[in-house]
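The lines below spell out each chain.
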Amino acid sequence: MVSPIISDAIRTMPKAELHLHIEGTLEPELAYELAERNKVELPFAGLEDLRQRYHFTNLQSFLDLYYELMNVLRTADDFKDLVLAYLSKAHEQGVVRSEIFFDPQVHVENGIDIDTVLDGLLAGTLLGRERYGISCGLIPCIVRDMPVQSAEEIVDALAPRASELLGLGLDSAEVGYPPELFGDVFARAREIGLHLVAHAGEEGPAEYVSQAVHDLKVERVDHGIRSVEDAELLNTIQERGIALTCCPLSNLKLKVVNDLDELPLQRLIDSGVSITVNSDDPAYFGGYIADNYDALAELGFTLPQLAQLAENSLHAAFVDDDERDGMLKAFSLWAQTHKDLLV
Ligand code: ADE
Ligand code: ZN
């Protein structure tokens, strides 16, 4: 168990969440509330039955449930409420900046207008900023196991509202869907001013991370832990200042590793790569962002080491210089008030 003093320090430490799927924050209770509100029939015997299903054997077994539950999200208010529920929790866990993923192709396939999705998510982030002081950006992700043509169409549909978005990502079932398939889609996203990130090296090989870096020209890699298998790639990642957005509890729940101490985080850090800590799909994986930091503390990471990871997240966020300076000042203030714990 992490001591209450360390756990409290972790929760007040200013941090950015850079790998968070908003649909993955849908708690079972809210899923049922929205299903009732929208008269959507869920294929479970009830809340308890749903709760029993949160055991996964791999990424796909999780995605099956995640996509099923997404069907309860129908109106702009649903998306707004989902964002606000997440931000209230993130606020309690010291998040000052959140760069939020969502899967627009799936919502459109579910019959929801893309503007409804965007309007709801944006309304949630604006209210969240007012209520909790958290600054947010939105990153639509390409669902890589849908056809490339669908990816092209969704970028076309998003392009008129590109100024309201932060970036473009790539997610969903990894193995068999290499990043190189999406070179043109990502080139277009770059042209319309979006930052670029991609999930790679979660279940897939280091080669996929290499493709994300070289073919998609991503600025951050989501997960990326299998980069550790390729020394040359690690050098490139380090030289280009590409941060990895790691998600320890996700990797454990999806059986990427059998035990947290199998994660190569220290080896990545030792090779000079910037690592950040994130929650991925916290409603499914048993913890929000500070719970992920707690898990690393239990593994033996010290508070100074965890503080370095939080500071990394502030440097890796897609914000302008003024905003970064403000976040780093808040971080310095926190470090000053916790200096006895940081020696
Ligand atoms: N979509 C939501 N969570 C994901 C994950 N961990 N990997 C890939 N796609 C996802
Ligand atoms: Zn993810």
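Scroll up to find the structure this text is about.
Described below are features of the structure shown in this document. (Residues numbered from 1 in each chain as written. Chains lettered and ligands numbered in written order. Predicted model: local features only at pLDDT ≥ 70, side-chain atom pairs only at ≥ 80, totals over all residues. Heavy atoms only, no water.)

We now examine the overall build of the protein. A tally of helices and strands in the protein yields 17 helices and eight strands. Taken over the C-alpha trace, the protein has a radius of gyration of 19 Å; the compact-globule value for 343 residues is 20 Å, and the two agree within 12%. For the protein, the C-alpha atoms occupy an extent of roughly 55 × 40 × 40 Å along the three principal directions. Across the protein, contacts joining residues at least 24 apart in sequence account for 77% of those joining residues at least 6 apart. (Helix = DSSP H or I, 4+ residues; strand = E, 2+ residues; numbered from the N terminus. Rg over C-alpha atoms; globule rule 2.2 N^0.38 Å. Contact = heavy atoms within 4.5 Å.)

What follows deals with the coordination of the zinc ion (ligand 2). Coordination sphere of the zinc ion (ligand 2), protein contribution only: His19 (NE2), His21 (NE2), His199 (NE2) and Asp280 (OD), at 2.0 to 2.2 Å. Taken together, the four donor atoms coordinating the zinc ion (ligand 2) and their angles of 85 to 176° define a geometry best described as irregular. Donor residues for the zinc ion (ligand 2) sit on one chain with the sequence pattern H-x1-H-x177-H-x80-D. Each member of the pair, histidine 19 as well as histidine 21, carries the same accessibility label: buried. (Donors = N, O, S within 2.8 Å, 3.2 Å for Na, K, Ca; no water. Tetrahedral: all angles 85-135°; square planar, octahedral: opposite > 155°, others 65-115°. Buried < 20%, exposed > 50% of the residue type's maximum accessible area, 1.4 Å probe, protein only.)

What follows covers the site of ligand 1. Neighbouring ligand 1 are the residues His21, Leu59, Phe62, Leu63, Tyr66, Asp171, Ser172, His199, Glu202, His223, Asp280 and Asp281. The contact in question runs from a nitrogen atom of ligand 1 to an N or O atom on the side chain of histidine 21, over 3.4 Å. In the environment of ligand 1, a nitrogen atom lies 2.7 Å from a nitrogen or oxygen atom belonging to the side chain of aspartate 280. Look at ligand 1: alone it shows 260 Å² of surface, and the protein chains cover 100% of it. (Near = heavy atom within 4 Å. Polar contact = N/O pair within 3.5 Å; in protein donor to acceptor, adjacent residues only side chain to side chain. Areas by Shrake-Rupley, 256 points an atom, 1.4 Å probe, with all protein chains shown as cover.)

Moving on to the packing of helix H15 (residues 289-299) against helix H16 (residues 303-316). Two packed helices can be described by the angle between their axes and the distance between those axes. Put simply, H15 and H16 touch, their axes get as near as 10 Å, and they point 145° apart. Between H15 and H16 the crossing geometry is right-handed. Residue-level inspection shows Tyr293, Leu296 and Ala297 of H15 in contact with H16, the latter providing Leu306, Leu309 and Ala310. By residue class, the composition of the contact of H15 with H16 is six nonpolar, no polar and no charged. (Axes fitted to C-alpha atoms, helices over the stretch in contact; angles between N-to-C directions. Left-handed = near helix turned anticlockwise from the far one by under 90°. Nonpolar A, V, L, I, M, F, W, Y, C, P; charged D, E, K, R; others polar.)

The tendency in soluble globular proteins is for nonpolar side chains to be buried as a group. Residues Leu69, Ile142, Phe186 and Tyr284 are the most contacted members of the largest nonpolar core, which totals 118 residues. Residues in contact with tyrosine 284, not counting those within four places in the same chain, are Glu23, Gly24, Leu26, Tyr54, Phe56, Phe62, Leu65, Tyr66, Leu69 and Lys253. Among the nonpolar cores identified, the runner-up in size contains six residues, and Ile139, Cys141, Val197 and Phe318 belong to it. (Core = buried A, V, L, I, M, F, W, Y, C linked by side-chain atoms within 4.5 Å.)

Enumeration over the complete set of coordinates arrives at eleven aromatic pairs. These aromatic residues form a ring-pair network of at least three members: Tyr54, Phe56, Phe62, Tyr66, Tyr67, Tyr284 and Phe285. Between lysine 15 and the ring centre of tyrosine 293, over which it is positioned, the NZ or CZ distance is 5.5 Å. Positioned above the aromatic ring of phenylalanine 318 is the side chain of arginine 220, whose terminal nitrogen or guanidinium carbon lies 4.0 Å from the ring centre. (Phe/Tyr/Trp six-rings, centres within 6.5 Å; stacked < 30°, edge-to-face > 60°. Lys NZ or Arg CZ within 6 Å of the ring centre and 35° of its normal.)

What follows concerns unusual backbone geometry. At serine 172, a residue that is not glycine, the phi angle is positive and equals roughly 80°. Look at serine 172 and you get buried, because its relative accessible area is 5%. We note that lysine 217 has phi near 60°; this positive angle belongs to a residue other than glycine. Mapped onto the elements, lysine 217 comes out in the loop between helix H10 (206-214) and strand E6 (220-223).

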